[in-house]
Amino acid sequence: MADHKQAEPERLIRPASLADAIVPPVVLAVLVAGSLALFGLEALDGPVQVALIMCAMAAALIALKNGHSWAAVQQAAQSALTSITSAVFILLAVGALIGVWNLSGTIPTLVYYGIQILSPSWYYAATALICGAVAMSSIAQIDDLLSRGGMDSMLLTLWLIIGAVTFGAVLEEFGLITRLVDPLARSARSTGRLFFTVFACAFGLNIVAGDQYIALVLPSRVFRLEFARRGLAATNLSRLAADSGTVTSALVPWNSCGAFMGAVLGVPTLSYLPHAVFNYASPALSVLYGMTGFKIEKTAPVAADTEPDAQ
């Protein structure tokens, strides 16, 4: 039987322009700055989450404008949510354990509540797991730490992580981040400037994309060829990306790491930032190594059109 359905016309996908790549970070900067100006640190309790979702929508509209299908946008968002599933379950598990501790007061009585779960008291136990209860141990500091509301108190952090990772995934999937980073890689003439560019890229991605994974992986992908062409071993890039992308993520309030640490510690990110000396001393030392050549491992340079072996 002949198929009378017409084939869907092939989409003409245009590469992202520099203006396309600049719009989402600018929108994010404006919305986050406005949220902090209006609400202060309380902006992390809702407005920043909304700002990240709106920026993800802006990036999705740019992708649609450039010819990408809505299905591709959905797939990018679904991939982002899949990547953080394990982290979400860890957060929920921590909240559940805190709720159990709050309810029981001491760990040995968990066995008792494991038995009581079979009785009508299971409803109270489930409520305590989700909403939390007040710990009644003999140590006031522990009671204050554990009486945090169980899983319910972590929902704002979960929304912040979901918004940040989704926004970053859309930016990466449709080439918006690469469009911003490539000119930086080409303009870095000296080794010291190249190292500083990698740091700026990783830290900037922690701010713009809001996810440590993107800040770690993307600079490593983008600058891998450049390091190989200049005869710089891949271990240099690995160490620099880790020093720049990992430790600085805790300094950004709307980054998934900064949001998690602020929620767990009960201290706003901007409050502990001046005291987090290691978090900005570590990348500073890595960039200084690149400028001085100290502890920089060399290798045989590769041709400009040659793909280096994965290391």
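Residues numbered from 1 in each chain as written. Predicted model: local features only at pLDDT ≥ 70, side-chain atom pairs only at ≥ 80, totals over all residues. Heavy atoms only, no water.

Peer 1: Go over the overall build of the protein chain with me, naming the residues and quoting the values.
Peer 2: Counting its secondary structure elements, the protein chain contains 15 helices and 0 strands. A buried classification covers 40% of the 311 residues belonging to the protein chain. Summed over all atoms, the accessible surface of the protein chain reaches about 17000 Å², with 68% contributed by carbon and sulfur. (Helix = DSSP H or I, 4+ residues; strand = E, 2+ residues; numbered from the N terminus. Buried < 20%, exposed > 50% of the residue type's maximum accessible area, 1.4 Å probe, protein only. Areas by Shrake-Rupley, 256 points an atom, 1.4 Å probe, with all protein chains shown as cover.)

Peer 1: Provide a residue-level description of the packing of helix H9 (residues 176-187) against helix H10 (residues 191-208), including the pertinent values.
Peer 2: The geometry of a pair of packed helices is captured by two quantities: the angle between their axes and the separation between those axes. One can describe the packing of H9 onto H10 by two numbers: an axis separation of 9 Å at closest approach and a directional angle of 165 degrees. It follows from the interaxial angle that H9 and H10 lie roughly antiparallel. In the packing of H9 onto H10, the handedness of the crossing is right-handed. Side by side, H9 and H10 meet where Ile177, Val181, Leu184, Ala185 and Ser187 of the first sit next to Arg193, Thr197, Cys201 and Leu205 of the second. When the residues that make up the contact of H9 with H10 are grouped by side-chain class, the tally is 6 nonpolar, 2 polar and 1 charged. (Axes fitted to C-alpha atoms, helices over the stretch in contact; angles between N-to-C directions. Parallel < 35°, antiparallel > 145°, perpendicular 65-115°, else oblique. Left-handed = near helix turned anticlockwise from the far one by under 90°. Contact = heavy atoms within 4.5 Å. Nonpolar A, V, L, I, M, F, W, Y, C, P; charged D, E, K, R; others polar.)

Peer 1: Explain the packing of aromatic side chains residue by residue, including any values.
Peer 2: Each aromatic ring pair is described using two quantities: the centre-to-centre distance and the angle formed by the ring planes. Counted by the stated rule, this structure contains 4 aromatic pairs. Among the aromatic side chains, those forming a connected cluster through ring pairs are Phe196, Phe199 and Phe203. (Phe/Tyr/Trp six-rings, centres within 6.5 Å; stacked < 30°, edge-to-face > 60°.)

Peer 1: Before we move on, can you summarise the nonpolar core with the specific residues and values?
Peer 2: Ranked by size, the top nonpolar core spans 43 residues in total, and within it Leu52, Phe223, Phe227 and Trp254 carry the most contacts. Among the secondary structure elements, those contributing two or more residues to this core are helix H1 (18-39), helix H2 (47-65), helix H3 (70-83), helix H8 (155-173), H9, H10, helix H11 (212-229) and helix H12 (234-245). Considering every element that reaches this core, the biggest residue donor is H2, with 9 residues. (Core = buried A, V, L, I, M, F, W, Y, C linked by side-chain atoms within 4.5 Å.)

Peer 1: Account for the pattern of salt bridges, naming residues and giving values.
Peer 2: Across all of its chains, the model carries 2 salt bridges by this definition. The shortest N-O distance in the salt bridge between Lys65 and Asp20 comes to 3.3 Å. Highlighted residues: Lys65 in helix H2 and Asp20 in helix H1, separated in sequence by 45 residues. The salt bridge partner of Glu226 is Arg230, with a shortest N-O separation of 2.9 Å. A relative accessible area of 24% means that Arg230 is categorised as partly exposed. (Salt bridge = Lys/Arg side-chain N within 4 Å of Asp/Glu carboxyl O.)

Peer 1: I'd like a description of the packing of H9 against H11, backed by residues and values.
Peer 2: Across the interface, H9 lies against H11 with an axial gap of 10 Å and an inter-helix angle of 50 degrees. Here H9 is positioned oblique relative to H11, judged by the angle of their axes. The chirality of how H9 crosses H11 is right-handed. Taking contact as the criterion, the partners of Ile177, Thr178, Val181, Asp182 and Ala185 in H9 are, on H11, Ile214, Leu218, Val222 and Phe223. Considering only residue class, the contact of H9 with H11 consists of 7 nonpolar, 1 polar and 1 charged.

Peer 1: Lay out helix H15 (residues 277-292) in plain terms, naming residues and giving numbers.
Peer 2: Here H15 contains 16 residues, and its C-alpha end-to-end distance of 22 Å stays within 8% of the 22 Å for a straight helix at 1.5 Å per residue. Those residues of H15 that fall on the buried side of the exposure criterion are Asn279, Ser282, Pro283, Ser286, Val287 and Gly290. Each buried residue of H15 sits inside an arc of 125 degrees when the element is viewed along its axis, so together they form one side. Seen from the open side of H15, the exposed residues pointing more than 90 degrees away from its buried face are Phe278, Met291 and Thr292. Contact partners of the buried residues in H15: H10 and H12. Gly293 sits one or two positions beyond H15 and adopts a positive phi of about 80 degrees. (Expected span 1.5 Å × (residues − 1). Arc of directions from axis to C-beta.)

Peer 1: Residue-level account of a nonpolar patch on the surface, with values.
Peer 2: Together, Phe260, Met261, Val264, Leu265 and Val267 line one region of the surface with nonpolar side chains, adding up to about 390 Å² of accessible area. Its place among the elements puts Phe260 in helix H13 (residues 256-265). (Patch = residues over 30% accessible without salt bridge, like charges linked within 9 Å, V, L, I, M, F, W, Y side chains within 5 Å.)

Honestly, that's just the spatial picture; any functional story needs more than this.
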